[in-house]
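Examining the three-dimensional arrangement
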Amino acid sequence: GNSVTQMEGPVTLSEEAFLTINCTYTATGYPSLFWYVQYPGEGLQLLLKATKADDKGSNKGFEATYRKETTSFHLEKGSVQVSDSAVYFCALRTKPQGGSEKLVFGKGTKLTVNP
Amino acid sequence: DSGVTQTPKHLITATGQRVTLRCSPRSGDLSVYWYQQSLDQGLQFLIQYYNGEERAKGNILERFSAQQFPDLHSELNLSSLELGDSALYFCASSVGGGFSYNEQFFGPGTRLTVL
């Protein structure tokens, strides 16, 4: 079936450090891929997305490239800030034939950035 | 603020009881999705309603049910509660019914604690 595996956290970094959160997926067909962010006490917000192979999603300094050959969608940021502290979820969108789309989420990776 | 509201914010109850969680979608959104977020299972899709009708079903237990009312707000009913039902329950809404991509906007969640 469809699934998403992302690196387990927690991840703790110092401000201005480089961030990578790994995400790989298993899916039939050609899913769309997403990163969502959940700040403390809030719901999930869409951070970025990519809808086809080799697409790069980017937002707020974060980037992720849809790699079909490695079934990956790793999240990166060159210089993290304290305000980036949150839980990050990788997700894929499946659309079974004749059915409605569904989002399948990874388990989330908690990032803490220290000043 | 996503525009999706959920009440109550917190709910504490006992095993065997029944509770109702409420969600109001963003203005103009016709779809409502329910998700359960727990430590062991991660974020799981439960059910989707579109314009009052059930559209898609995920890992929703038989003890759980949902409905969407004519004013498009939705309620998730959880009965015969067990300790393992303790989780954060999110509602999301989108404009369309899910047959093509529509961004889902998440509410802040209801934290359910079953004692």
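For the structure, check the block above.
Notes on the structure follow. Not measured: the values here are computed from a predicted model.

What follows is about the pattern of salt bridges. Scanning all chains against the criterion turns up six salt bridges over all chains. K52(A) is the partner of D55(A) in a salt bridge, and the nearest nitrogen-oxygen pair spans 3.3 Å. Its salt-bridge partner being R26(B), residue D29(B) comes within 2.8 Å of it at the nearest N-O pair. Its relative accessible area of 22% is what places R26(B) among the partly exposed residues. Overlapping salt bridges, with partners in common, bring together R63(B), E82(B) and D85(B) in one network.

On to the state of the cysteines. Residue and element names in this part refer to chain B. Counting across every chain of the model gives two disulfides over all chains. With a sulfur-sulfur separation of 1.8 Å, C23 is cross-linked through a disulfide to C91. Between C23 and C91 the sulfur-sulfur dihedral comes to about -50°; the bridge is accordingly left-handed. Placement of the pair is C23 in strand 3 (residues 19-24) and C91 in strand 9 (residues 87-94), with a sequence separation of 68 residues.

Conventions we followed
Residues numbered from 1 in each chain as written. Chains lettered and ligands numbered in written order. Predicted model: local features only at pLDDT ≥ 70, side-chain atom pairs only at ≥ 80, totals over all residues. Heavy atoms only, no water. Salt bridge = Lys/Arg side-chain N within 4 Å of Asp/Glu carboxyl O. Buried < 20%, exposed > 50% of the residue type's maximum accessible area, 1.4 Å probe, protein only. Disulfide = S-S within 2.5 Å. Helix = DSSP H or I, 4+ residues; strand = E, 2+ residues; numbered from the N terminus.

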